[in-house]
Amino acid sequence: MVLEIALLGTPRATTDGEPVTVDTRKATALLAYLAVTERPHGRDRLAGLFWPDSDQSRSRAALRRTLSALAKGIGHDWLTTDRQTVGLKRDGLVLDIDRFRALRQQAHAEEDPHRRVAALRSAVELYRDDFMAGFALRDADPFDEWQYLEAQALRQEFALALEQLVSDLSERGEVHEAIGYAYRWLALDALHEPAHRWLMQLHAAVGDRSAAVRQYRECVRVLERELGVAPLDETTATYRAIEEGEAVAELPLPSPRAAVTVSGGTSSRLVGRDVELEALRQAHRSVGSDGRFAVVAGEAGIGKTRLVEQLLGEVRSDGGAVMAVRCFEGEADLAYAPLAAALRAAIAHQPSLSAHHGTETSRLLPEVEAIAPAVPLHHPGALASFYQAVTDVLLGACEGATPGVLFIDDLQWADEASLDALGYLLHRLPARPVLVLGAWRSDVDTPRLRALLGVRGNGAPATLVEPGRLRLDDVERLASDHRGSVAATTARRILDDTDGVPLLVVEYLAALSRGELEAETGGLPPTVRHLLLTRAAAASETASQALAAAAVIGHPFDEELLRRVSGRSDDEVVSALEELHARGLVSVDLTGQRRDAYEIPHARIREVLYDEVSPVRRRLLHRRAAEALSVRDRTALASRAARIAAHLERSGQHARSASMRLVAADHARGLGAHAEALDHLEVALALGPVDPAEVHEAMGDVHTLTGAYEPAVTSFEKAASLADEPRLAGIERKLAQLHQRRGDWTLAEAHLDAAERVAQRMGLEALLAQIAADRSRGAYERGKLREADACARRSLMLAESAADPAARAQAHNVLGILASGRGELDEAREHLEASLTLTARVAEPSARVAALNNLGRLAARRGDHAEALALLGDALSACRAQGDRHREAALLNNLADVLHEAGQSEEAMERLKEAVTIFAELDDPDRPQPEIWKLAEW
């Protein structure tokens, strides 16, 4: 049996040569998704992908109907299904995308030019049209997003195949055929000047100079209309050569491939920093068996990075390992971004990882192969295990006979999650001979950053270095490096114009040395903008366009990303990078190990260059950046979602940006980065169009976890006012649970009534079971034990009928609480252990935290303090990973009670102090709710 599926163009399929007909478009979409992704998928995932607006029971039912329709069309034997997953058999499956990519790989590996061209021709002919062209689902945004990303990736691959085919055919003299493929190449992107130049030269090569001239004029027209810019000098020079009748054989055809080589740059001598440099040297010398932490803080342009570079160079010279990473302003809401960069650099230093470290680092680095999947961070101990593995890998890469340095620059842009991980690392510096060095801007530092200075993981205080502005004698010393001795009046003028900021002084002196400015005539630019633009203005047109693209990208980039964003060819990107590096406008990344190898060396420089890009061109470059980031390594798409969303927003694609913000919010929540998740949700709501009820509900969830209960109520109420009935029932229940947290049982009961009315109308049996469990707990807290018992048993009956693990877990949990309250400890343990077992099948970690907490309290009642501490410790780890501040405080309080009973009074007091600190932060400080302090079991 053979199943052939063609997705390049309008989707179609045949089985053993007979056309496949399915009854619904979603059956076709499901077939495409299973074929392209090449692996089984969970039924819940598929239901959410194709029916995102339906509740779980309805979407699962719709999936069953769609599977039935698909099986009827292609035959039941092609589907592999069980209660949890759905897949497509691969044996006998023929997919045109697989064939297209295999032919491209064959051509890439082929040395014989005839066979390479034959493979490329076959690949290009297979590409009938874009991926699933003309196909769309009206009510499945997640699938549409996946389809769009697949289409963009294949379109890029098609463009590369055409480019190589045009090049190979031209080299073989088959120019007429090359012209046809060049037109197909240009049709993919009418703004791609290399394709225009190819066509101009190919037309000229066959003697059709009029066609070559028309092609140039078409290039001019398109660039003017779309970008408001003129063609590059290379394009105009080619046109003039053709117009003047220059021998075509002498015209250089563009080469599709090149390698970049960049020579080392130079930097100004470090002056006026003797005291600060000695302080850093002393911090490094003081590293013995234990590590140290040092910070360089100061305003933008004050020379923090330059000062640290001096120390890092000395450490390298002494044989010490150095790792340096930088945080970026555009990634302040991208969870663990600097941590991922640091891990990537560390693995370059020590590529051999243990199985455990490989598994943990694979959370942030998709390129790291994990032997086993990483345990979700909300599981007990998972977050601590993750932080410890990160600490081991980063510090391990810096250890050696000479203590190494881990440097993190621009920490003011670090996300909250990365700062949490850094705090953990700093507490583990004992027995790790490494200097951890941070730098941040003092004008934008935060209490979180200042708190790092108080970390005393090795008993020694952090070293704080705060460079000041340069003095007149410092300027004179720097000036002597650039121009020899200068007049005192000139040095004074430089100091006055730059206010002693080292970045401005160096730029000023560099401009004077190149003869671009005349100090003596008074023609001095008043700001750094003029200085930097003077340097950038001397760059060639190609280099200027590449520099504009780099400024828009806004973070370290490699050649491939710069090529895609700038629209220039490989040759042009190589030349541009070499020129920009020579001019000091682009530098090689500090580590020299990252895939992102180049960057604009200072944020101030990038800001100035970005402002100079026209608004129209900015939008184009941001769109290209979003597309380029979307199609590279799509397994890590979620980790780049925030960056992609920012580019989409600036390119004017607000709807797609909002959708990507939701992806970024989910990713941040999965990492426990709630502040970043809220930022993404708020931006998504502002951009639209998104489902406002869904976004407000998600914001309420995050506010609830952080203990901001007033904002949580506001968000849930907004969501309730906008939601349809299936969503409304869940939101009303969340409002009830929120009021239960605050101890307002009457208001909670009112919301449970509202939730129950909707759930009964909709026939939502699992939700009714959960509502009954919530009622049971409320009745128990108010002393109505008979009512509590009746509600709990009704909850279990409904949950069993619905076969819903989350509802069953909650029902057993509340039955365990009631049995414990009656003193029936064996029955309580049976219910709570049943609840804990069921939570393994529930994605939401709250149920597991509750079961562990209640089992821990039960163990304490039975006098087994060791088991109680272990269970409560696991609950605390899972709760912290989830970021639920209220329940974290309650768990700390419960731990304090058990520790006190076990005779560990000092540790009990420490836990109690932690609990009191968190309790004091909860809810609205202007309306304290004493009841929230009473939470012990839930």
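Just above sits the structure.
What comes next is a walk through the structure. (Residues numbered from 1 in each chain as written. Predicted model: local features only at pLDDT ≥ 70, side-chain atom pairs only at ≥ 80, totals over all residues. Heavy atoms only, no water.)

### Considerations on the packing of aromatic side chains
Phase 1: The tally for this structure, following the rule as stated, stands at 13 aromatic pairs.
Phase 2: Seen in terms of ring centroids, Tyr-127 and Phe-158 are 3.9 Å apart; in terms of plane orientation they differ by 5°. Their pairing is stacked. Taken together, the positions of Tyr-127 in the loop between α5 (113–126) and α6 (141–171) and Phe-158 in helix α6 put the pair 31 residues apart, joining distant regions of the chain. Exposure class is identical for Tyr-127 and Phe-158. Each is buried.
Phase 3: Ring centres of Tyr-216 and Tyr-239 lie 4.0 Å apart, and the angle between their planes is 5°; this geometry places the pair in the stacked category. Placement of Tyr-216 in helix α9 (residues 209–226) and of Tyr-239 in helix α10 (residues 233–243) is noted, with a sequence separation of 23 residues between them.
Phase 4: Accessibility expressed as a relative area gives 11% for Tyr-216, which makes it buried.
Phase 5: Among the aromatic residues, ring-to-ring pairing joins Tyr-33, Phe-50, Trp-51, Phe-131, Phe-143 and Trp-146 into one connected group.
Phase 6: Here Arg-25 stacks its cationic end above the ring of Phe-135, 4.3 Å away from the centre of that ring.
Phase 7: Directly above the ring of Tyr-424 sits Arg-428, whose terminal nitrogen or CZ lies 3.6 Å from the centroid. (Phe/Tyr/Trp six-rings, centres within 6.5 Å; stacked < 30°, edge-to-face > 60°. Helix = DSSP H or I, 4+ residues; strand = E, 2+ residues; numbered from the N terminus. Buried < 20%, exposed > 50% of the residue type's maximum accessible area, 1.4 Å probe, protein only. Lys NZ or Arg CZ within 6 Å of the ring centre and 35° of its normal.)

### Side note on unusual backbone geometry
Phase 1: In the Ramachandran plot, Ala-431 falls in the positive-phi region, its phi being about 70° despite a non-glycine side chain.
Phase 2: Its location among the elements puts Ala-431 in the loop between α16 (416–427) and β11 (434–441).
Phase 3: A relative accessible area of 56% places Ala-431 in the exposed class.
Phase 4: Although it is not a glycine, Ala-803 sits at a positive phi angle of roughly 55°.
Phase 5: Relative to the assigned elements, Ala-803 resides in the loop between α35 (785–802) and α36 (805–821).

### A few points about the side chain of Ser-630
Phase 1: The residue Ser-630 is located in helix α26 (residues 615–631) in this model.
Phase 2: Reaching out from Ser-630, the side chain makes a polar contact with the backbone oxygen of Ala-626 at a distance of 2.6 Å.
Phase 3: Those residues in contact with Ser-630, other than ones at most four positions away along the chain, are Leu-149, Leu-637, Arg-640 and Ile-644. (Polar contact = N/O pair within 3.5 Å; in protein donor to acceptor, adjacent residues only side chain to side chain. Contact = heavy atoms within 4.5 Å.)

### What to know about the pairing of strand β2 (residues 12–15)
Phase 1: Burial of the side chains of β2 is restricted to one face: Ala-13 and Thr-15 are buried, whereas none of Arg-12 and Thr-14 on the reverse face is.
Phase 2: Summarising the sheet, strand β1 (residues 3–6) and β2 pair through four bridges and their orientation is antiparallel. What sits directly across from Ala-6, in β2, is Arg-12.
Phase 3: Between the antiparallel neighbours β1 and β2 lie five residues, among them Gly-9 with a positive phi of about 110°.
Phase 4: Direction of pairing for β2 relative to strand β3 (residues 18–19): antiparallel, over a ladder of two bridges. When the sheet's bridge partners are listed, Thr-14 is paired in β3 with Pro-19.
Phase 5: In this antiparallel pair of consecutive strands, β2 and β3, the connection spans two residues, and Asp-16 shows a positive phi of 50°. (Pairing = 2+ DSSP bridges.)

### Quick word on the pattern of salt bridges
Phase 1: Inspection of every chain in the model, using the stated rule, returns 66 salt bridges.
Phase 2: We note a salt bridge from Glu-299 to Arg-469, for which the minimum N-O separation is 2.6 Å. With Glu-299 in the loop between β8 (292–298) and α12 (304–317) and Arg-469 in the loop between β12 (463–465) and α18 (472–483), the pair connects residues that are 170 residues apart, well separated along the chain.
Phase 3: Across the pair Glu-697 and Arg-727 runs a salt bridge whose closest N-O atoms are separated by 2.8 Å. Highlighted residues: Glu-697 in helix α30 (residues 692–706) and Arg-727 in helix α32 (residues 725–741), separated in sequence by 30 residues.
Phase 4: On the basis of relative accessible area, Glu-697 is assigned to the buried category, the value being 9%.
Phase 5: The exposure class of Arg-727 is partly exposed, given its relative accessible area of 22%.
Phase 6: One continuous salt-bridge network, built from bridges that share partners, spans Glu-749, Asp-753, Glu-756, Arg-775, Arg-782 and Arg-794. (Salt bridge = Lys/Arg side-chain N within 4 Å of Asp/Glu carboxyl O.)

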